[in-house]
Amino acid sequence: PFSGYTISACQLRPESRGTITLASTNPADAPHINANYLATEHDRRCMIAALHLIRKLVAAPSLAAWTAGEYLPGEASQGDEGMLDHCRRYGTTIFHPSSTCRMGEDDFAVVDSRLRVRGVDGLRIADASIMPTVVSGNTNAACIMIGEKCAAMMRQAA
């Protein structure tokens with residue numbers, strides 16, 4: 001019912017790690033997903049600091065002239081605990097989950113350096129899930145590179 005603008009914050013290098021595990025041997029059963037957001041003190045401090053910085057930016061003369069009020073997190077969210085509560089209620093992934101099928105040479109890696117799934121002949125993974133760590137930015141370019149590299153390795157193998 002009103003005009004507005006959005007300023008958001010994103011933790012580009014989160015330390016918190018979640019898990020995805022199978023619910024059963026039935027592939028139709030949804031997996032158990034625990035995002036485990038804000039699990040580390042570092043991640044909580046980063047997000048709290050980001051929201052405090054956003055409030056300072058909005059109070060600056062160049063934005064204050066265009067701002068009638070704060071909708072979220074809202075005036076009820078004051079101090080670090082209020083900011084953290086807001087992050088817990090409204091925080092999301094911004095839809096770029098990655099690193100669920102990590103590439104590497106250790107026993108916990110799902111795919112090897114040629115993107116072959118360990119223990120499954122003929123299957124490769126070429127998407128954001130193989131990234132050992134999350135990239136600092138949109139995953140689109142990195143995923144395109146991964147796909148191109150996978151295609152080149154498959155052509156080389158053939």
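Scroll up to find the structure this text is about.
Owing to the predicted nature of the structure, the values given are computational and were not obtained by experimental measurement.

**What to know about the packing of helix H1 (residues 41-59) against helix H3 (residues 79-90)**
Pairs of packed helices are described in terms of their axes, by the angle between the two and the distance that separates them. Relative to each other, H1 and H3 sit at 105 degrees, their axes nearing to 9 Å. Between H1 and H3, the crossing angle belongs to the class labelled roughly perpendicular. Two secondary-structure elements touch here, H1 through Arg44, Arg45, Met47, Ile48, Leu51, His52 and Arg55 and H3 through Gly79, Asp80, Met83, Leu84, His86, Cys87 and Arg88. Across the contact of H1 with H3, the residue classes break down as six nonpolar, three polar and five charged.

**Re the pattern of salt bridges**
In this structure the tally under the stated criterion is eight salt bridges. Measuring nitrogen to oxygen at the nearest pair gives 3.1 Å for the salt bridge that ties Arg45 to Asp80. Linking Arg45 in helix H1 with Asp80 in helix H3, this pair joins segments that are 35 residues apart in sequence. A relative accessible area of 40% means that Arg45 is categorised as partly exposed. What makes Asp80 partly exposed here is its relative accessible area of 34%. Note that Arg116 is salt-bridged to Asp112, the shortest N-O span being 2.7 Å.

**Re the nonpolar core**
With 11 residues, the main nonpolar core is built from Val111, Leu115, Val117, Ile125, Ala128, Ile130, Met131, Ala142, Ile146, Cys150 and Met153. With residues near it in sequence (within four places) discarded, Ala128 still touches Pro97, Ser98, Ser99 and Cys143. Core analysis: the second largest hydrophobic core is formed by eight residues, Ile48, Met83, Leu84 and Cys87 among them.

**Examining a nonpolar patch on the surface**
There is a patch of nonpolar side chains on the surface, built from Phe2, Tyr71, Leu72 and Tyr90 and spanning about 500 Å² of accessible area. By the secondary structure assignment, Tyr90 is in helix H3. Classification of Tyr90 as partly exposed rests on a relative accessible area of 48%.

**A look at H3**
Residues that lie three or four places apart on an α-helix share one face, since the helix turns once every 3.6 residues. A rise of 1.5 Å per residue sets the reference length of H3, with its 12 residues, at 16 Å; its end C-alpha atoms lie 17 Å apart and thus fit the reference within 8%. Taken together, the buried positions of H3 are Gly82, Met83, Leu84, His86 and Cys87. Against H1 lie the buried residues of H3.

**Let's talk about the state of the cysteines**
Per the counting criterion, the structure on display carries zero disulfides. Summary of cysteine pairing: Cys150 is not part of a disulfide, and the nearest cysteine sulfur, belonging to Cys143, is at 12 Å. Here Cys150 falls in the buried class, since its relative accessible area comes to 6%.

**Considerations on helix H4 (residues 140-157)**
For H4, which comprises 18 residues, the first-to-last C-alpha distance of 26 Å matches the rise-based estimate of 26 Å (1.5 Å per residue) to within 8%. Here H4 has its buried residues at Ala142, Ile146, Cys150 and Met153. Down the axis of H4, the smallest arc covering the buried residues is 75 degrees, so these residues share one side. What points out from H4, more than 90 degrees from its buried face, is the exposed set Ala141, Glu148 and Arg155.

**Considering the environment of Pro73**
Position of Pro73 among the secondary structure elements: in the loop between helix H2 (61-64) and H3. You can call Pro73 buried: its relative accessible area is 16%. In the structure, Pro73 is positioned 23 residues away from His96 in sequence and 23 Å away in space, judged by C-alpha atoms. If we skip the residues at most four places from it in the chain, Pro73 touches Arg55, Met83 and His86.

Cut-off values and rules
- Residues numbered from 1 in each chain as written.
- Predicted model: local features only at pLDDT ≥ 70, side-chain atom pairs only at ≥ 80, totals over all residues.
- Heavy atoms only, no water.
- Axes fitted to C-alpha atoms, helices over the stretch in contact; angles between N-to-C directions.
- Helix = DSSP H or I, 4+ residues; strand = E, 2+ residues; numbered from the N terminus.
- Parallel < 35°, antiparallel > 145°, perpendicular 65-115°, else oblique.
- Contact = heavy atoms within 4.5 Å.
- Nonpolar A, V, L, I, M, F, W, Y, C, P; charged D, E, K, R; others polar.
- Salt bridge = Lys/Arg side-chain N within 4 Å of Asp/Glu carboxyl O.
- Buried < 20%, exposed > 50% of the residue type's maximum accessible area, 1.4 Å probe, protein only.
- Core = buried A, V, L, I, M, F, W, Y, C linked by side-chain atoms within 4.5 Å.
- Patch = residues over 30% accessible without salt bridge, like charges linked within 9 Å, V, L, I, M, F, W, Y side chains within 5 Å.
- Areas by Shrake-Rupley, 256 points an atom, 1.4 Å probe, with all protein chains shown as cover.
- Expected span 1.5 Å × (residues − 1).
- Disulfide = S-S within 2.5 Å.
- Arc of directions from axis to C-beta.

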